[in-house]
Amino acid sequence: RPRVLSGIQPTSGSFHLGNYLGAVRQWVDLQKDNDAFYMVVDLHAITVPQDPATLRENTRVSAAQLLGAGLDPDHCTLFVQSHVPEHAQLAWVMNCLTGFGEASRMTQFKDKSSRYGAEGTTVGLFTYPILQIADILLYQADAVPVGEDQRQHVEITRDIAERFNTRYGRTLTVPKPYILKETAKIQDLQDPAVKMSKSASSPKGLVSLLDDPKASAKKFKSAVTDTGTVVSYDEEGKPGVSNLLRVHSALSGQSVEQLVAHFEGKMYGALKTELAELFTEWVTPFQERTRLFLDDPAELDRVLAIGAEKAREVASVTLETVYDRIGFLPAA
Ligand code: ATP
Ligand code: MG
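Just so it is clear, the structure is predicted and the values come from calculations on it, not from any experiment.

Enquirer: Looking at this structure, I do not really get the side chain of Ser242. What am I missing?
Expert: Counting through the fold element by element, Ser242 comes out in helix H10 (residues 239–252). Residue Ser242 is classed as buried on the basis of its relative accessible area, which comes to 0%. A distance of 2.7 Å separates the side chain of Ser242 from the backbone oxygen of Lys238, its partner in a polar contact. Setting aside its immediate chain neighbours within four residues, Ser242 contacts Ser232, Tyr233, Asp234 and Glu235.

Okay, structure coming up:
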C-alpha cells in the first residue's frame, strides 16, 4: 500500500477551516487505502515562541481535533513528532545535504521571518523546511497531503531525496505532493489576498474550528466580498466571493457551477447565510467528537503512545540505513 505522511502544528489551540479543507480532510480520506502516518509537529511549533504549558495543552487539543475530524487509530498511525527522536536525528543529516542558497529560497521563511525581524527570527525557523524533509523521508512517503503553501517544501524534499540517492545509492522514496486544487488555499475572510493562517490571520478573518459556531457564522456574514452584486466565480476579479464559493462547494459537495446557478438573482448575503448554516452543521458534531477525546486524556495519551511506537518502527529502520550509507561507524 502506498505510504502517506503529513503533519500539523500545535501553534494554536484550534485548527482553522483552511487546515481542515486544505489538509486534514484529505488525511481522513487517505487513511482508507494507504499506509498513513499523521503527526502533531511540536518540533516545528517551537520555531516561534511558545509558552510551555500552552504548547503541551495545544498538542493534546490538536490530536483530539484530528480524531474528531475522523482519523481512526486503527487505520492510521497518529503520533506526536517529539515522541520519535529520529526526526531530529535525520534532520541533522538533511541539514548537511541542503545548500544554504537552496534553503534561502523558501518563501514561507521569508514571509514568517519578516514578522519577527533579524533578532527575533530563530535559526530553527530557517531550517524548518529541512526538518520537514526529514519528517517525510523517514517514512519513505509516496505522497504528502498538504495545502498549496507547502508545495515548495515538498519540492525541496524531492530534490534532497534524489541528491541522497545519487550520492549514496537508492535509499529514499521521492515523494509527491498531494494537493487538491479546489481547497488548496482557503483565504482569510477579511483579506482574500492571503491564506487563512493560525499565526497571521486577524481574528475576524480566521474561522477557528473550536470557536462557538455562532461566532463563526458572524464571521462568514461579515466576510469581505467584492464590488458588484452577482455571485460568480472569478478568482482575479472577485477573490472574496470566489473563496466563499470554494468553501461552500467543499462543505456542500455541490460544484461551483451548480452554486453559481443556484445563487442566480440572489445577492452575496444569501451565499453567506447558507455558508454559515453549512459550516455550523458540519462543525457542531466535529466539536462534540473532539470534546469526547479531550475529556479522556488517558485514552488520548494511550492512542499517541501506540502511534509513536508504530512510527518508530518505520523511522528507526530508515535512520539506520541512512547512517550506514553515509559512513557512520555502527555502535558496537
Ligand atoms: P502557521 O500560520 O502557524 O504556519 P498554518 O495555519 O499554516 O499555521 P500549519 O500547521 O502550518 O497551519 O499547516 C497545517 C496544514 O494546513 C498544512 O498542510 C498546510 O498546507 C495547510 N493549510 C494551512 N493553511 C491553509 C489554508 N489557508 N488553506 C489550505 N490549506 C492550508
Ligand atoms: Mg503553516
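Enquirer: How should helix H12 (residues 268–294) be read in this particular structure?
Expert: An α-helical segment advances 3.6 residues per turn. Residues three or four places apart therefore align on the same side. Between its terminal C-alpha atoms H12 stretches 37 Å, which fits the 39 Å expected from 27 residues at 1.5 Å a residue. Regarding H12, the residues found buried are Tyr268, Leu271, Lys272, Leu275, Ala276, Leu278, Phe279, Trp282, Val283, Phe286, Gln287 and Thr290.

Enquirer: What is the right way to look at the nonpolar core in this model?
Expert: The tendency in soluble globular proteins is for nonpolar side chains to be buried as a group. Ranked by internal contacts, the top residues of the largest apolar core, which has 54 residues, are Leu17, Tyr38, Leu66, Leu209, Phe220 and Phe279. Element by element, the count of residues in this core is highest for H12, at 9 residues. When sequence neighbours within four positions are dropped, the list of residues in contact with Leu66 reads Ile8, Phe15, Val24, Trp27, Val40, Leu71 and Leu78. Counting 42 residues, the second largest nonpolar core, distinct from the first, contains Val93, Met106, Ala141 and Ala184.

Enquirer: Before we go on, may I ask you to explain the environment of Arg105 in this structure?
Expert: Take Arg105: it is sitting in the loop between helix H5 (100–104) and helix H6 (107–120). Judged by relative accessible area, which is 53%, Arg105 ranks as exposed. Sequence separation between Arg105 and Gln31 is 74 residues; the distance between their C-alpha atoms is 33 Å. Residues within four places of Arg105 in sequence aside, it is in contact with Lys110 and Gln152.

Enquirer: Could you clarify how one ought to interpret the site of ligand 1 in this entry?
Expert: In the neighbourhood of ligand 1, 22 residues make up the surrounding shell, with Lys112, Asp149, Lys195, Lys198 and Ser199 lying closest. For ligand 1, an oxygen atom lies 2.8 Å from a polar atom in the backbone of Gly147. A distance of 2.6 Å separates an oxygen atom of ligand 1 from a polar side-chain atom of Asp149. A per-element tally of the shell around ligand 1 places helix H1 (residues 17–30) first, with 4 residues.

Enquirer: Just checking my understanding: could you explain the side chain of Gln9 for this structure?
Expert: Inspection of the secondary structure puts Gln9 in the loop between strand S1 (3–8) and H1. You can call Gln9 buried: its relative accessible area is 12%. At a separation of 3.4 Å, a polar atom in the side chain of Gln9 contacts the side chain of Tyr128.

Cut-offs used in this document
The written sequence of each chain sets the order in which its residues are numbered from 1. Whichever chain is written first is A, and whichever ligand is written first is 1; the rest continue in order. In view of the model being predicted, local features appear only for residues whose pLDDT reaches at least 70, and side-chain atom pairs are presented and counted only at 80 or more, with totals across whole chains, interfaces and linings using the full set of residues. Hydrogens are left out, water is left out, and the side-chain values use all remaining heavy atoms of the structure. Helix and strand labels come from DSSP, where a helix needs a run of H or I of at least four residues and a strand needs a run of E of at least two; each type is numbered from the N terminus. Exposure classes here rest on a 1.4 Å probe applied to the protein chains alone. A residue is buried below 20% of its type maximum, exposed above 50%, and partly exposed in between. Within 3.5 Å is the distance limit for a polar contact, defined as a pair of N or O atoms, with the added protein rule that one can donate a hydrogen and the other accept it, and that residues adjacent in sequence qualify only through two side-chain atoms. Note on definitions: a residue-residue contact is assigned when non-hydrogen atoms from the two residues lie within 4.5 Å. Given the number of residues in a helix, its expected span is that number minus one, multiplied by 1.5 Å. We call a set of buried residues a nonpolar core when its members are Ala, Val, Leu, Ile, Met, Phe, Trp, Tyr or Cys and they connect through side-chain atoms within 4.5 Å of each other. Residues are labelled near a given molecule or strand when at least one of their non-hydrogen atoms is within 4 Å of it.

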